[in-house]
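Remarks on the overall topology
In case you want the letters, here they are:
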Amino acid sequence: MCRDAFVAFALFLILFCDATSSECTQQGPCICTLSDGYYNLSALADQLPLEDTLGDYTIYFHPCTNVKIKTQSNIMCANESKLSVCIFDKQKNLTQSFGTIEETTMKLPKGNKYPIFELHHNNITLQIDIICLPNSNGTNFKIDKGNKFPPSSSNQYRFFLISPYGCKESYKGLSTGSVLLILFFTVTGIYFIGGIVTLRILRGATGWEMLPNHDFWSNLPLLVRDGIVFTFNCCRADSYERI
Ligand SMILES: *[C@@H]1O[C@H](CO)[C@@H](O)[C@H](O)[C@H]1NC(C)=O
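Computed from a prediction, not measured in an experiment: that's the story for all the values here.

What about the environment of S178?
For S178, the location among the structural elements is in helix α2 (residues 176-203). In sequence terms S178 and D36 are 142 residues apart; their C-alpha atoms lie 9.3 Å from each other.

Take a look at the structure:
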């Protein structure tokens, strides 16, 4: 009976650790952490803006920080304002801001293998899929071919950031969850094995008597049952007593 309680508790701990691992918590413009690792694209902040062209339109993307972006025609994007994404219309020789770091969130959508950058700029939504490419010596930025320009005709844009910095880094050492689990099993192990050995040697206990605090452990299922009955009766312990 008490072994069942322990199995249940251990399962709860494992499920709890697993549930917390699916969320990538944003720690900075280009860092988000999971329970078993983290993504850190901060190195891209020190590099020149990335760019890709589709038809007459070129998109410039500088992850992690806002910078002044110079287009291919040597004009500064959006009147020299600092930004993260710029769109350049070659035909009209026009530039426009497409988003800043303040408008960017980094997150890991459910079921996604890699995180994304999501930008909400005015009524435009940009999604930049981060794709891990280990051991590549550069970062690539690609416009999804399904995008429709100019911006007025659509509000949704999709891009790809293919980079060695898009790969998940593991923590050196153990996560908090693992440490807690190991601690829990070690302490329980010492308690039961140590207790059994001690009682056996000091008191010559046999069978169930060797279990440390065996009165408490054998009463635990009853205590738990009483607790559940008490809770479901919504605190009417007195009426339970009176019967
Ligand atoms: C993220 O990467 C940058 C640049 O490589 C580095 O300076 C920084 O320490 C890293 N941060 C974390 C939390 O690993």
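After presenting the structure, the write-up continues.
A closer look at the state of the cysteines
Going through the model one piece at a time under the given rule, you end up with four disulfides. One disulfide bridge connects C24 with C32, the sulfur atoms lying 2.0 Å from each other. Residues C24 and C32 are joined by a disulfide whose S-S torsion is about 85°; by sign, that bridge is right-handed. Comparing C24 with C32 shows no difference in burial state: the two are buried. One disulfide in the model links C132 with C167; its S-S distance is 2.1 Å. Looking down the S-S bond of the C132 and C167 bridge, the torsion is 90°, so its handedness is right-handed. Taken together, the positions of C132 in strand β10 (residues 124-132) and C167 in the loop between β12 (156-163) and β13 (169-170) put the pair 35 residues apart, joining distant regions of the chain.

Topic: the sheet that holds β12
Spatially, the five strands line up as an open sheet ordered β8-β9-β10-β12-β11, and their pairing is mixed. Bordering the open sheet on either side are β8 (104-107) and β11 (140-143), each of which pairs with just one other strand. Each strand of the sheet is rotated relative to its neighbour by a mean of 20°, with strand direction disregarded. The pairing of strand β9 (residues 116-121) with β10 spans six bridges and is antiparallel. Directly across from H120, in β10, lies its bridge partner T125.

Some words on the side chain of T100
Within the secondary structure layout, T100 lies in the loop between β7 (94-99) and β8. The residues touching T100, leaving out its near neighbours within four places in the chain, are N66, K82, L83, S84 and L119.

Some words on the pattern of salt bridges
Here the structure, examined in full by the defined rule, presents six salt bridges. A salt bridge links K107 to E118; its shortest N-O distance comes to 2.9 Å. With K107 in strand β8 and E118 in strand β9, the pair connects residues that are eleven residues apart, well separated along the chain. Residues R158 and D129 are paired through a salt bridge, measuring 2.6 Å at the closest nitrogen-oxygen approach. Here the residue R158 occupies a position in strand β12, and D129 occupies one in strand β10, the gap between them amounting to 29 residues.

Some details on a nonpolar patch on the surface
A surface patch of nonpolar side chains, amounting to about 450 Å² of accessible area, comprises I193, V197, I201 and L202. Along the chain, I193 turns up in helix α2. Note on I193: relative accessible area 57%, which makes it exposed.

Remarks on the environment of S136
Relative to the helices and strands, S136 is located in the loop between β10 and β11. Between the C-alpha atom of S136 and that of I162, which follows or precedes it by 26 residues, the distance is 9.2 Å. Each residue touching S136, except ones within four places of it in the same chain, is listed here: S163 and P164. At 2.8 Å, the side chain of S136 and the backbone oxygen of L133 are in polar contact.

Thoughts on the nonpolar core
In this structure, I59, F117 and L161 are the most contacted members of the largest nonpolar core, which totals 30 residues. Mapped onto this core, the elements with two or more residues apiece are β4 (50-54), β5 (57-61), β6 (85-89), β9, β10, β11 and β12. Tallying contributions element by element places β10 first for this core, with four residues. Judged by nonpolar contacts, the second largest core, of seven residues, contains Y60, L83, C86 and F88.

How each quantity is defined
Residues numbered from 1 in each chain as written. Predicted model: local features only at pLDDT ≥ 70, side-chain atom pairs only at ≥ 80, totals over all residues. Heavy atoms only, no water. Helix = DSSP H or I, 4+ residues; strand = E, 2+ residues; numbered from the N terminus. Disulfide = S-S within 2.5 Å. Buried < 20%, exposed > 50% of the residue type's maximum accessible area, 1.4 Å probe, protein only. Pairing = 2+ DSSP bridges. Axes fitted to C-alpha atoms, helices over the stretch in contact; angles between N-to-C directions. Contact = heavy atoms within 4.5 Å. Salt bridge = Lys/Arg side-chain N within 4 Å of Asp/Glu carboxyl O. Patch = residues over 30% accessible without salt bridge, like charges linked within 9 Å, V, L, I, M, F, W, Y side chains within 5 Å. Areas by Shrake-Rupley, 256 points an atom, 1.4 Å probe, with all protein chains shown as cover. Polar contact = N/O pair within 3.5 Å; in protein donor to acceptor, adjacent residues only side chain to side chain. Core = buried A, V, L, I, M, F, W, Y, C linked by side-chain atoms within 4.5 Å.

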